[in-house]
Amino acid sequence: MSFFLITISSCGVRIPDGDSVPPTLKLQNVGHLPHFIIKSEDSPSIFDTHALQLARNREYTAIYSFNDMGGIKQATMEIPSSVIFEIKEPLPESWTFMPATTGIPVRNTRTLVWRGDNNNPLDGWALTFTFTPKTRTPSGTEEFQLVFSATDYAGNTTIGKLTVRVGGGPVAIVPL
């Protein structure tokens, strides 16, 4: 599975004294039809109410972006183990690849982390990546979750959990 990263920088901001507005998250595909855009500010958020259906062993390109007018302190993208979702390094300097986590139940996930700079806060960032979803079996449908989060300097956090269904079907956003 391949993974290609491109980052797009954002504008510097002043961290406000008071901020009660949480960051926004967006995931969208590029170069493939049908197009999808999943935004945290949709009500209800598609992140938590729908699944993204993808075909196994097909390559997709997506952009994960996050922003907040008061500056982003940290953002993450939690992904499944490399059996399902492999990332080729090197990552951009601003992203840290955290090792797999385990627990009860065993999650077998890895997390990409972006940390803001207090001395030069940015209002957002974008990560473009290419991936190929895989399944452990050659037929049938399997599910996994991608978990996206962003936290601003006031401590407001937005989390988007996206269920991904991988099988033989076409790209679609379907209700859970």
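Residues numbered from 1 in each chain as written. Predicted model: local features only at pLDDT ≥ 70, side-chain atom pairs only at ≥ 80, totals over all residues. Heavy atoms only, no water.

Let us now look at the overall build of the chain. A count of helices and strands for the chain gives one helix and twelve strands. For the chain, the succession of helices and strands along the chain, N to C, is β-β-β-α-β-β-β-β-β-β-β-β-β. Within the chain, the proportion of its 176 residues that are buried is 48%. Considering only contacts within the chain whose residues lie at least 6 apart along the sequence, 76% involve residues at least 24 apart. (Helix = DSSP H or I, 4+ residues; strand = E, 2+ residues; numbered from the N terminus. Buried < 20%, exposed > 50% of the residue type's maximum accessible area, 1.4 Å probe, protein only. Contact = heavy atoms within 4.5 Å.)

Further remarks concern unusual backbone geometry. For Asn-57, which is not glycine, the phi dihedral falls at a positive 60°. Note on placement: Asn-57 falls in the loop between β4 (50–55) and β5 (60–67).

Here the focus is the pairing of strand β8 (residues 109–115). With respect to burial, β8 is a largely interior element, six of its seven residues being buried. Where strand β6 (residues 72–80) lies against β8, seven bridges are found, and the strand directions are antiparallel. Within β8, the position partnered with Gln-74 by the bridge is Arg-115. (Pairing = 2+ DSSP bridges.)

Okay, the nonpolar core next. If you look at the biggest cluster of nonpolar residues, it comprises 35 residues, and the most contacted ones within it are Leu-27, Tyr-64, Phe-66 and Phe-148. Excluding residues that lie within four positions of it along the chain, Phe-148 makes contacts with Leu-25, Leu-27, Phe-47, Tyr-64, Thr-76, Met-77, Thr-158, Ile-159, Gly-160 and Leu-162. (Core = buried A, V, L, I, M, F, W, Y, C linked by side-chain atoms within 4.5 Å.)

Evaluation of the coordinates by the stated rule reveals two salt bridges. The residue Glu-142 makes a salt bridge to Arg-136 at a minimum N-O spacing of 3.9 Å. Residue classification places Glu-142 among the buried positions, given a relative accessible area of 17%. Look at Arg-136 and you get exposed, because its relative accessible area is 59%. Between Arg-165 and Glu-143 there is a salt bridge, and its shortest N-O distance comes to 2.6 Å. With a gap of 22 residues between them, Arg-165 in strand β11 (residues 157–167) and Glu-143 in strand β10 (residues 142–152) connect regions that are remote in the sequence. Look at Arg-165 and you get partly exposed, because its relative accessible area is 22%. (Salt bridge = Lys/Arg side-chain N within 4 Å of Asp/Glu carboxyl O.)

Moving on, we get to the packing of aromatic side chains. Applying the stated criterion across every chain yields a total of eight aromatic pairs. By the ring-pair criterion, three or more aromatic residues cluster together here, those being Phe-47, Tyr-64, Phe-66, Trp-95, Trp-114, Trp-125 and Phe-148. (Phe/Tyr/Trp six-rings, centres within 6.5 Å; stacked < 30°, edge-to-face > 60°.)

This paragraph deals with the environment of Thr-128. Here Thr-128 is to be found in strand β9 (residues 124–131). Owing to a relative accessible area of 12%, Thr-128 belongs among the buried residues under this scheme. Linking Thr-128 and Leu-27, residues 101 residues apart in sequence, is a C-alpha distance of 9.7 Å.

Along the chain, Arg-110 falls in strand β8. Side-chain polar atoms of Arg-110 contact the backbone oxygen of Pro-80, separated by 3.0 Å. (Polar contact = N/O pair within 3.5 Å; in protein donor to acceptor, adjacent residues only side chain to side chain.)

Here Phe-85 lies in the loop between β6 and β7 (95–101). Classification of Phe-85 by relative accessible area gives buried; the value is 1%. With 59 residues separating them along the chain, Phe-85 and Phe-144 place their C-alpha atoms 9.9 Å apart.

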